[in-house]
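Listed below are the residues making up each chain.
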Amino acid sequence: MGLLVVGTPLSWEESKKYFDHVRENGIEQFIHMYENGLKKTNDILLWGDEIEYIVLSVDEDHKIARVSLRQEDILEALEEHEKSGFAVDASSLISGMHNSVPIKPEELRELFHEQVNENKTPDLKKPFRAEYVTPTFHPEYGRYMVESTPGAPYGSTLEDLLNVEANMLMRRIIIQQHLAKNEFPVTLTNFPLLGAKDFTDPPTTANGPISRSFFLPDEVINSHVRFPTLTANIRTRRRRKVAMNVPIYVDKNTPQPFHDNTIPWDRDLFPEDVNAREGAALDNHIYMDSMGFGMGCCCLQLTFQTTGVDEARKLYDQLTPIAPLMMALSAATPVFRGFLAEQDCRWNVIAGAVDDRTEEELKTVPKSRYDSVDCYIANDPRNLSEYSDVPLVMNDRCYKQLRDAGIDEKLARHVAHIFFRDPLVIFSDSIHQDNTKSNGFFENLNSTNWQSIRFKPPPPQSNIGWRVEFRSLEVQLTDFENAAYAVFVVLLSRAILSFKLNFYMPISLVDENMKRAHARDAIHRHKFWFRRNPFPSSADTATSSSRDQFAEYTLDELFNGSDENGSFPGFVRIVRSYLHSCNPKASVLYRLERYIQLISQRASGECMTAATWIRRFFMNHPEYKHDSVVTQKMTYDLVKKVLDLESGGFDSDLLGKTNA
């Protein structure tokens with residue numbers, strides 16, 4: 001959610017007079033960062049991840065799981081842990097496990113506690129890398145959420161990738177240590193009963209003036225002033241509540257048409273209560289009316305530091321067509337507000353949750369400020385103008401300011417597009433900034449344009465380089481799965497740069513893939529557009545934008561290869577080729593292969609996505625009545641099963657043949 005600023009937010013009406021001030025100075029800050037960043041040409045290929053957790057309160061007596069609203073207390077305790085400076089040496093933990101594959105959570109926990117009990121102090125001679133530094137923990141939108149990141153980047157070697165799973169598990173262990181006995185951090189993308197009856201601990205009522213939701217109480221919103229202000233300002237700007245409608249999964253006993261009787265249709269507490277009656281809530285859909293339904297979801301995000309700006313721009317472009325495919329492969333969200341949905345991903349719900357467009361703007365502004373990428377940005381001869389083929393709204397004044405400063409057309413279009421949006425939260429304490437030392441105005445808009453890939457310039461007065469953030473992944477149930485997805489995308493990004501792969505395709509096809517990726521069981525039921533030949537060739541010229549360069553493939557074909565449609569090699573083969581080109585040790589290759597196998601087996605359908613696994617769990621539950629309704633007992637039993645998996649349990653339907 002971006003950096004949390006301490007201060008006093010302006011009201012929406014007060015903010016309006018500073019919109020141009022924020023834009024003009026934000027552009028100046030970007031220009032300064034860009035010019036200074038050009039000097040960064042030999043940075044190391046570092047990377048990191050962000051994992052978001054839902055903290056659940058489990059009532060064993062009544063067999064109910066609820067979200068715990070103790071975020072402030074939990075983060076305060078975690079902050080004390082960070083201040084202690086105690087750093088567990090993850091690399092020594094792994095070596096202490098006698099190279100056991102797979103990593104055994106219980107064994108790692110024992111070794112972790114041994115190091116804690118020894119009360120070692122950090123070895124300052126060791127490099128500033130994730131395996132030697134205390135992890136960090138951050139607030140998120142939901143008061144039941146916690147975000148974790150490594151305390152430092154992961155290194156650039158293949159051996160460094162072996163630390164990822166242990167680091168993720170270590171973070172989960174640390175969070176668990178600072179929770180009550182009945183609380184647990186789970187990596188569910190969405191709590192199945194969010195917005196249903198009796199889903200919070202302590203109990204709450206949905207009647208708050210901030211979101212004015214029928215279903216989500218304001219108490220679920222992080223209390224930091226940025227979050228309620230963001231929520232209220234989006235509602236105020238669009239002049240109605242946000243409205244997300246997800247098609248309901250129709251089972252044999254689901255009423256047809258499905259008219260949701262859990263919606264308080266006659267409520268007359270706020271002016272926006274008429275929205276549902278006037279058509280915001282659709283029949284045969286699961287209706288959601290609050291920012292929390294989107295920003296209350298969890299995800300796995302990856303950030304890559306490149307060697308310089310040109311490489312960052314190329315990586316941004318090449319990862320753009322990959323984002324929808326990885327989202328479909330990581331699908332983990334088949335339930336909303338206590339109902340099974342006819343989709344498996346969260347993305348469009350978040351897009352709707354922060355969609356601040358007025359009804360008039362819906363006719364002229366194609367997308368929400370949370371959506372897929374709208375244009376490519378690299379000065380690459382393969383980046384043909386025809387590929388950026390969707391309408392691009394821009395702030396013309398900002399575009400001119402960028403071009404006058406010498407920013408090239410492609411990058412200027414991207415930044416001016418980001419700056420087309422209004423600033424959503426402005427703090428009175430931050431109206432005046434030194435544009436040579438601050439990036440506050442730039443980040444005000446860059447961090448509230450939540451695209452599937454984010455381009456991040458080096459912050460001023462920092463040794464951080466040019467970065468690209470990969471944002472489409474759904475968080476997985478176990479640390480093994482999260483590590484597998486993270487490591488695979490890292491290896492694919494390295495292969496892209498090493499082999500100079502060409503994934504360029506029309507943005508309109510990327511958008512179409514994004515829509516298809518949401519579908520229930522997209523792996524088996526849909527095909528996705530992609531470039532037939534991703535390898536460098538003489539055909540990569542300014543005259544080669546013909547549509548027949550692209551074909552539709554299943555995810556199995558895209559990841560595992562296809563002998564049809566021009567013999568697509570498959571991302572798994574590409575990654576394996578890259579690995580072998582690095583001449584890794586056999587032990588390193590063996591460990592990394594487990595992660596690659598999971599990706600391959602998910603794509604082939606040999607094992608299930610988390611969404612399919614969760615859906616099947618509910619549909620096979622003895623309490624399920626085939627009416628699309630998910631109950632408290634069903635949710636409790638799912639949580640218990642997930643906790644067992646997180647503790648080292650194994651389910652081949654979910655994890656495939658990866659435990660050997």
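The preceding data block contains the structure.
As a starting point, this report considers the structure included with it. Just so we're clear, the structure is a prediction, and the values are computed from it rather than from any experiment.

**Some remarks on the layout of surface pockets**
(1) Moving on: Space inside the second largest pocket adds up to approximately 700 Å³.
(2) Moving on: Broken down by secondary-structure element, the contributors of at least two residues to the lining of the second largest pocket are strand E7 (244-247), helix H8 (274-280), helix H12 (347-353) and helix H17 (507-517).
(3) Moving on: Among the elements that take part in the lining of the second largest pocket, H12 stands out by supplying five residues, more than any other.
(4) Moving on: In terms of residue class, the lining of the second largest pocket is built from ten nonpolar, seven polar and eleven charged.

**Some words on the state of the cysteines**
(1) Moving on: Within this structure, the stated rule accounts for zero disulfides.
(2) Moving on: The closest cysteine sulfur to the non-disulfide-bonded cysteine 298 is located on cysteine 297, 7.4 Å from its own sulfur.
(3) Moving on: Accessibility expressed as a relative area gives 0% for cysteine 298, which makes it buried.

**Considering unusual backbone geometry**
(1) Moving on: For the bond from aspartate 201 to proline 202, the omega torsion is 5°, close enough to zero to count as cis.
(2) Moving on: Of note, proline 202 is situated in the loop between strand E6 (200-201) and helix H7 (226-238).
(3) Moving on: With omega at 0°, the peptide bond leading from glutamine 256 into proline 257 counts as cis.
(4) Moving on: Checked against the element boundaries, proline 257 lands in the loop between E7 and H8.
(5) Moving on: Of note, the phi angle at arginine 212 is positive, near 60°, even though the residue is not glycine.

**Focus: the environment of proline 459**
(1) Moving on: Within the element layout of this structure, proline 459 appears in the loop between strand E14 (453-456) and strand E15 (467-470).
(2) Moving on: C-alpha separation for the pair proline 459 and lysine 437, spaced 22 residues apart in sequence, amounts to 8.7 Å.
(3) Moving on: With near-sequence residues (within four places) excluded, proline 459 lies in contact with Met33, Asn439, Ile464 and Arg467.

**Brief notes about the pairing of strand E3 (residues 136-139)**
(1) Moving on: The pairing of E3 with strand E4 (residues 145-149) spans four bridges and is antiparallel. Residue phenylalanine 137 lies in a different strand from E4, and its bridge partner there is serine 148.
(2) Moving on: Taken together, E3 and the strand that follows it, E4, pair antiparallel across an intervening segment of five residues.

**Focus: the packing of helix H16 (residues 479-499) against helix H20 (residues 571-581)**
(1) Moving on: Where H16 meets H20, the closest approach of the two axes is 9 Å, and the angle between their N-to-C directions is 75°. If you check the angle between H16 and H20, you find them roughly perpendicular. Only Phe571, Val572, Ile574, Val575, Ser577, Tyr578, Leu579 and Ser581 of H20 make contact with H16, whose side of the interface consists of Phe488, Leu491, Leu492, Arg494, Ala495, Ser498 and Phe499.
(2) Moving on: Its residues placed into classes, the contact of H16 with H20 shows eleven nonpolar, three polar and one charged.

**Notes on the packing of aromatic side chains**
The relative placement of two aromatic rings is captured by the distance of their centres and the angle of their planes.
(1) Moving on: This structure, assessed with the given rule, holds 30 aromatic pairs.
(2) Moving on: With centroids separated by 5.1 Å and ring planes inclined at 65°, the aromatic side chains of phenylalanine 503 and phenylalanine 530 adopt a geometry described as edge-to-face. Of the two residues, phenylalanine 503 is situated in the loop between H16 and H17 and phenylalanine 530 in strand E16 (residues 528-531); the sequence distance between them amounts to 27 residues. With respect to class, phenylalanine 503 is no different from phenylalanine 530; both count as buried.
(3) Moving on: Ring geometry for phenylalanine 530 versus phenylalanine 568: centroids 5.6 Å apart, planes at 80°, classification edge-to-face. Taken together, the positions of phenylalanine 530 in strand E16 and phenylalanine 568 in the loop between helix H19 (555-560) and H20 put the pair 38 residues apart, joining distant regions of the chain. Assigned by exposure class, phenylalanine 530 and phenylalanine 568 land together as buried.
(4) Moving on: Through successive ring pairs, a cluster of aromatic residues spans Phe30, Tyr34, Tyr316, Phe419, Phe442, Phe455 and Trp466.
(5) Moving on: In this structure, arginine 226 packs its charged tip against the face of phenylalanine 227, placed 6.0 Å from the ring centre.
(6) Moving on: Over the face of the ring belonging to phenylalanine 214 we find lysine 241, whose NZ or CZ atom lies 3.9 Å from the ring centre.

**Observations concerning the pattern of salt bridges**
(1) Moving on: One pass over the structure, following the stated rule, counts 41 salt bridges.
(2) Moving on: When the shortest N-O distance is used, the salt bridge between glutamate 13 and lysine 16 registers 3.2 Å. Pair noted here: glutamate 13 and lysine 16 are both in helix H1 (residues 12-16), with a separation of three residues, about one helical turn.
(3) Moving on: For the salt bridge of aspartate 73 with arginine 70, the shortest nitrogen-to-oxygen distance reads 3.9 Å.
(4) Moving on: In this structure arginine 70 comes out as partly exposed when scored by relative accessible area, which is 27%.
(5) Moving on: Three or more residues are tied together by salt bridges with common partners; here these are Asp20, Arg23, Arg237, Asp356, Glu361, Arg369, Arg397 and Asp422.

**A word on the side chain of aspartate 380**
(1) Moving on: Position of aspartate 380 among the secondary structure elements: in the loop between strand E12 (370-371) and helix H13 (396-404).
(2) Moving on: On the basis of relative accessible area, aspartate 380 is assigned to the buried category, the value being 8%.
(3) Moving on: Sequence-distant contacts of aspartate 380, defined by excluding residues within four places in its chain, comprise Lys314 and Tyr504.

Each value, and the rule that gives it
- Residues numbered from 1 in each chain as written.
- Predicted model: local features only at pLDDT ≥ 70, side-chain atom pairs only at ≥ 80, totals over all residues.
- Heavy atoms only, no water.
- 1 Å grid on protein atoms, 1.4 Å probe; cavity = no way out; pocket = protein on both sides within 12 Å on 5 of 7 lines; lining within 4 Å.
- Points joined across faces, edges and corners; volume = space filled by probe spheres on them.
- Helix = DSSP H or I, 4+ residues; strand = E, 2+ residues; numbered from the N terminus.
- Nonpolar A, V, L, I, M, F, W, Y, C, P; charged D, E, K, R; others polar.
- Disulfide = S-S within 2.5 Å.
- Buried < 20%, exposed > 50% of the residue type's maximum accessible area, 1.4 Å probe, protein only.
- Contact = heavy atoms within 4.5 Å.
- Pairing = 2+ DSSP bridges.
- Axes fitted to C-alpha atoms, helices over the stretch in contact; angles between N-to-C directions.
- Parallel < 35°, antiparallel > 145°, perpendicular 65-115°, else oblique.
- Phe/Tyr/Trp six-rings, centres within 6.5 Å; stacked < 30°, edge-to-face > 60°.
- Lys NZ or Arg CZ within 6 Å of the ring centre and 35° of its normal.
- Salt bridge = Lys/Arg side-chain N within 4 Å of Asp/Glu carboxyl O.

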